[in-house]
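# Chains, contacts and geometry: an overview
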Amino acid sequence: MSVKREEVLRAAQLAEIAVPPEDVDQLVADMARIVDYVSQLGSVPDAAVDRFVPGPPKTPLRRDAVDPIPLARPPEATAPEYVDGFFVVPKLGAMGGE
Amino acid sequence: MSAIRDLAAAVADGTRPARSVAAETARALERTGGLNATLDWSAELLEAQAGAVDESATKGSLAGVPVALKDNIVTTDQPVTCGSRLLEGYRSPYNATVVERLRAAGALTAIKTNLDEFAMGSSTEHSAFGRVLHPTDPDRVPGGSSGGSAALVAAGVVPAALGSETGGSVRQPASFCGVVGIKPSYGRVSRFGLVAFGSSLDCISALGATVEDAARVLHVISGADPRDATTLAAGPVELLPPRQDLRGVTIGLPRECFPPDLDPGVRAGCDRAIAALRELGAEVREVSLTHTGYGVATYYVIAPAEASANLARYDGVRYGQRRLDGAVDVRGLYRATRGAGFGAEVKRRIVIGTYVLSSGYYDAYYAKAQRVRGLIAEDYRRLFQDDGVDYLFTPTTPTVAFRAGERTADPVAMYLADIFTVGACLAGLPAVSLPIGRSNGLPVGGQLVGPVMREAELLAVAGALEAIVPGADEVR
Amino acid sequence: MTWETVIGLEVHIQLLTASKMFCGCKTTFGDPPNTNVCPVCLGLPGALPVPNEAAVRHGVRAALALGCTIHPISVFARKNYFYPDLPKGYQISQFDRPLATGGTVWFDSPDRGRTAVSITRLHLEEDAGKSLHDRLPGKTAIDLNRSGIPLAEIVGGPDLRSPGEARAYLGALRDILLYTGVSDCSMEEGSLRVDANLSLRRPDGPLGTKTEVKNMNSFANVERALTVERERQAAILEGGGRVEHQTLLFQAASGEVRPMRSKEESHDYRYFPEPDLPPLILEPDFIEAERDILPELPEAKRTRFEGELGLPPYDAGVLTGTPDIADYFEAVVAAGAAPKAAANWVMGEVLAARTGREELPVAADRLAALIALVDEGVVSLQAAKQVFAELIHDHSAPRVVAERLGLVQVADVEALTEWVEEVLAAHPGEVQRYRNGEQKLLGFFVGQVMKRSRGKADPKGVQPVLRKRLTAS
């Protein structure tokens, strides 16, 4: 297989996506299929080409002015948990703390 | 040939109140509910929007015209789900730029259409809220990811709709459903308010029953936006009348897009369209887009990579359907929310995207794909700038609409549906798909691709082709 | 066993702009939580960044002040990681094509004299929000007011050789940046943050494994933290062990450094160019405009103060500490005061009277006038200090204040002669001793005259009168 099981699981971890044990095999098989397919790019000779991105050649700069995009409803309205003006999540735990 | 032009004119001069259009549209939506093409619509909202149009003294160019919105374009007055459980019930606190422009022109926009989850898919089978049925054959898919928008237009419920393209997600369903789909140049339409999938590829695009219908919508929504740093410094796409003939126009046929095993119905449709182009006086010749074969692979490295970052914000912290499932810390929150909220295809793409960006693989995959993208763009540039080709003509899709369930087992099989559409997305070029016939009753689509920023001219050519090729005719 | 300490510092400064790096939200500090937010800095679906021109200008100016090369084309990049106060799940920063590279900062090392630190790079990025861990038990509270605030990251090379040098370097860096006006550079207020890397090696040996130290909130604590970390590493190496690459947090209360608890700290940031932002391309005019408005920087000013104004290095160092002090000092000199006198007064009375960062207590021209009074002998130096204290609140001319306080010295020869006669009459014995050769008694007589005149006699005028009377019969 072109992708290792550990690599797939590591990518899922980095992406904060939990993969139930019963789905791991299928995910690894799908990844292998896709990676095998896209690996054909490796054989494309690409000596003198830069990366290409469409769109304008340079980024416009915004004048430094207080001009916020208005919110039709406050952050609280969409927040799953909100107390005293703050978004609330569980403690950091494994993510380490300061 | 434009229902929109006629409708807007009638609303403007008072012969047709927008309210009656709203009511009729609501009835049509009721009637076609079985297609599952919509995720949210409201008769009250349509009525209210129509009322505002009727009451206003000046009428815009889309006065009273219903334009459905793919449900990855944000509005404040309806939920936006992106076809995902994760955003079920989410209400955006701001409107997309394209929505503001449509409403300023008087359009009725209170219809959100079904899509593959987060726009990732080619059949609309990956929506968390059920697949969309093909408007004429319920066992088949309408294409994707903008399947809901294409189906509604094809079913005659609305004269136009917005979709979005990343790899072909408007042209492909347009081709499957027998309607027109226009992808503008990258940067021609503001992405502010389009839920991002592949940021360097995403283009809000227009679907319409005819070229002129879609063009009228594109005209309203296009033009530079200070809120999107990737928009081109240009005004709206000009509306040009269809060309009377194509004398002096050179049309290239890339041989890589006409492989020997092309579906016979698609080939027959293309043959007829090519003959029509010649009849109109165009010089038609075979050309080569050498790197066509690498387009899907290139796309399926770049788009998931960008998506993996774009979808990191869906973490259950500030919005969305949060899940804890016994989680005791933040990481648990993330994993439970994203695990439950994202469907299988989205997860696949996020994992692939993370993989190709990760340390040790970045150069071989992501950096490499960006360079191959340059080769693909160079193929088009050489034809348009050096070789005297004005436009390219190809089939839009290698097949007609396939059956539901036919391609869901193998992700790559699904990806290959995009083989003829990804090129224009990778190169940032404008392209239009229009119906060029039917094969056993199923629509066949052909597409024209043009140089960057030449939407108006491209559409004038498409209009000429449309006028002499009856899209509804059987070609086999 | 001797170990060489190798320290490199990464400094983040908050740029002084009205609005955030990629959106038009306010940057003010201290507003109620989650009130200076918008779709962009909240990371809402569909939002897009647009860069702030002033932030870019500030970055350019800072980089020029640090002697860097500005890259006319630089590229924003996504730094991908999950954290609850990072709303998009990535930070927009710069990676392999930063705004500037290759500068130098000179500072006074406590160990090696005048020393240079190489500035590897300066790049632009956005700040994250704030996570509060103690506000709600068992939970984390998130405020995104700070999310999107413009930052410049300044990375110094591994050129520092002691915790003391680290502290001194930070002082010099801050001085330069204060001159540019791009940031308040205050660790206490959070507008300047420091992450330190430290490793040990044998002199002339290969670089050792470095650790990263974070969470220091003052320059003094940077020195403390690095001192502790150096000791910790030395102890490991002395014991034959190996230093592990890890991140440690300084605990201000205990003065210790504690490793971060998370096991897998190896972040894979998966940097890639930001697809929502085309390259940042700066015209030559844009860059030159920032070069033009750069004031004379501390290094050049010090050299000038030492050379042209003849000040000793210590004075020149203090007076160039902040641009406003330097400007004030020069104004006092321009108003006629001698440089050394002006230096003494500014370093002494002026800085002592000034609390915090407000206006300087006495206008430059008035201080110069006061110094002139001392020069002319109108008031003694002691008296002038009293006058100075009055001048802070009293806006009359210095001479008027001196007269009102009765501090004007008497230089009139007749009045002085009267006091001298009185003193000599009162101390015939000492007069005799003086006339017999004890010349140093002159100081005693001067002191007596000053006492008798209650400090009003001008000591410079007293001496010649005394000598004349004492040598007379």
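Residues numbered from 1 in each chain as written. Chains lettered and ligands numbered in written order. Predicted model: local features only at pLDDT ≥ 70, side-chain atom pairs only at ≥ 80, totals over all residues.

A few words now on the overall build of chain C. Assigned secondary structure in chain C consists of 16 helices and 16 strands. Whereas a compact globule of 473 residues would reach a radius of gyration of roughly 23 Å, chain C reaches 30 Å, over 25% beyond that. For chain C, the spread of C-alpha atoms along the principal axes amounts to about 100 × 55 × 50 Å. With 473 residues in all, chain C has 43% of them scored as buried. Long-range pairs, those at least 24 residues apart, make up 69% of the contacts in chain C with a sequence separation of at least 6. (Helix = DSSP H or I, 4+ residues; strand = E, 2+ residues; numbered from the N terminus. Rg over C-alpha atoms; globule rule 2.2 N^0.38 Å. Buried ≥ 20, exposed ≤ 12 C-beta atoms within 10 Å, placed from the backbone. Contact = placed C-beta atoms within 7 Å.)

Hydrogen bonds along the backbone pair up the strands of a sheet, which may run parallel or antiparallel. Residue and element names in this part refer to chain C. With mixed pairing, 9 strands are arranged side by side in an open sheet as 2-6-7-10-1-11-12-13-14. Each end of this open sheet is capped by a strand with a single partner; those strands are strand 2 (69-70) and strand 14 (256-259). Two strands pair when backbone bridges link them, and strand 7 (residues 113-126) and strand 10 (residues 150-156) are joined in this way by 7 bridges, in the antiparallel orientation. For Glu125, the partnering residue across the bridge sits in strand 10 and is Leu151. Packing against the sheet, helix 4 (residues 219-238) makes contact with strand 1 (4-14), strand 11 (192-201), strand 12 (211-214), strand 13 (247-251) and strand 14, and its axis sits at approximately 25° to strand 11. (Pairing = 2+ DSSP bridges. Axes fitted to C-alpha atoms, helices over the stretch in contact; angles between N-to-C directions.)

As a further point, take the environment of Ile236(C). Residues and elements named next belong to chain C. Note that Ile236 resides in helix 4. Judged by the 15 C-beta atoms lying within 10 Å of it, Ile236 is partly exposed. For Ile236 and Ala316, which are 80 residues apart along the polypeptide, the C-alpha to C-alpha distance reads 43 Å. Setting aside residues up to four positions removed in sequence, Ile236 forms contacts with Gly241 and Val243.

Let us look at the interface of chain C and chain B. The accessible area lost on association of the parts is a frequent measure of interface size. On the chain B side, the residues contacting the 26 residues of chain C number 32 residues. Secondary-structure elements contributing two or more residues to the side of chain C that touches chain B are helix 1 (39-42), strand 4 (76-80) and strand 9 (139-143) of chain C. When its residues are assigned to classes, the side of chain C that touches chain B shows 16 nonpolar, 5 polar and 5 charged. (Nonpolar A, V, L, I, M, F, W, Y, C, P; charged D, E, K, R; others polar.)

Our focus in this paragraph is helix 6 (residues 298-307) of chain C. Note: α-helices contain 3.6 residues per turn, so residues at a spacing of three or four share the same orientation. Residue and element names in this part refer to chain C. Three or more residues of helix 6 are buried, namely Pro298, Glu299, Lys301, Arg302 and Phe305. Buried residues of helix 6 fall within an arc of 165° about the axis and therefore sit on the same side. In helix 6, the exposed positions angled more than 90 degrees off the buried face are occupied by Ala300 and Gly307. (Arc of directions from axis to C-beta.)

All right, on to the domain arrangement of chain C then. Domain boundaries assigned for chain C yield domain 1 (4-285), domain 2 (296-404) and domain 3 (413-471). Between the C-alpha centres of domain 1 of chain C and domain 3 of chain C the distance comes to 67 Å. (Domains from an automatic or database assignment.)

This paragraph deals with the sheet that holds strand 9 of chain C. Spatial ordering of the open sheet is given by 1(A)-2(A)-9(C)-8(C), a layout of 4 strands whose pairing is antiparallel. Two strands close off the open sheet at either side, each with one partner strand: strand 1 (82-83) of chain A together with strand 8 (130-132) of chain C. The sheet contact formed by strand 8 of chain C and strand 9 of chain C spans 3 bridges and is antiparallel. In the strand pairing of strand 9 of chain C, Leu132(C) is matched with Ala141(C). Lying over the sheet, helix 10 (residues 330-341) of chain B contacts strand 2 (86-90) of chain A together with strand 9 of chain C, oriented at roughly 90° with respect to strand 2 of chain A.

One finds Val67(B), Ala160(B), Leu207(B) and Val351(B) to be the most contacted residues of the largest nonpolar core, which totals 264 residues. By residue number, the principal contributor to this core is helix 9 (residues 295-310) of chain B, which donates 10 residues. If near-sequence neighbours (up to four positions away) are discounted, Val67(B) is found in contact with Leu62(B), Leu102(B), Ala107(B), Thr109(B), Val158(B), Ala160(B), Ala161(B), Leu162(B) and Val217(B). Ala337(C), Leu373(C), Val378(C) and Val387(C) belong to the second-largest nonpolar core, a separate cluster that totals 33 residues. (Core = buried A, V, L, I, M, F, W, Y, C linked by C-beta atoms within 7 Å.)

With that settled, the discussion passes to the packing of helix 13 (residues 413-426) of chain C against helix 16 (residues 459-471) of chain C. All names here are of chain C. Axis separation between helix 13 and helix 16 bottoms out at 9 Å; the angle between their running directions is 55°. The pairing of helix 13 with helix 16 is recorded here as oblique in orientation. By crossing handedness, the relation of helix 13 to helix 16 is classed as right-handed. On helix 16, the residues touching Val413, Leu416, Thr417, Val420, Glu421 and Leu424 of helix 13 are Gly461, Val462, Val465, Leu466 and Arg469. Counted by class, the contact of helix 13 with helix 16 contains 7 nonpolar, 2 polar and 2 charged residues. (Parallel < 35°, antiparallel > 145°, perpendicular 65-115°, else oblique. Left-handed = near helix turned anticlockwise from the far one by under 90°.)

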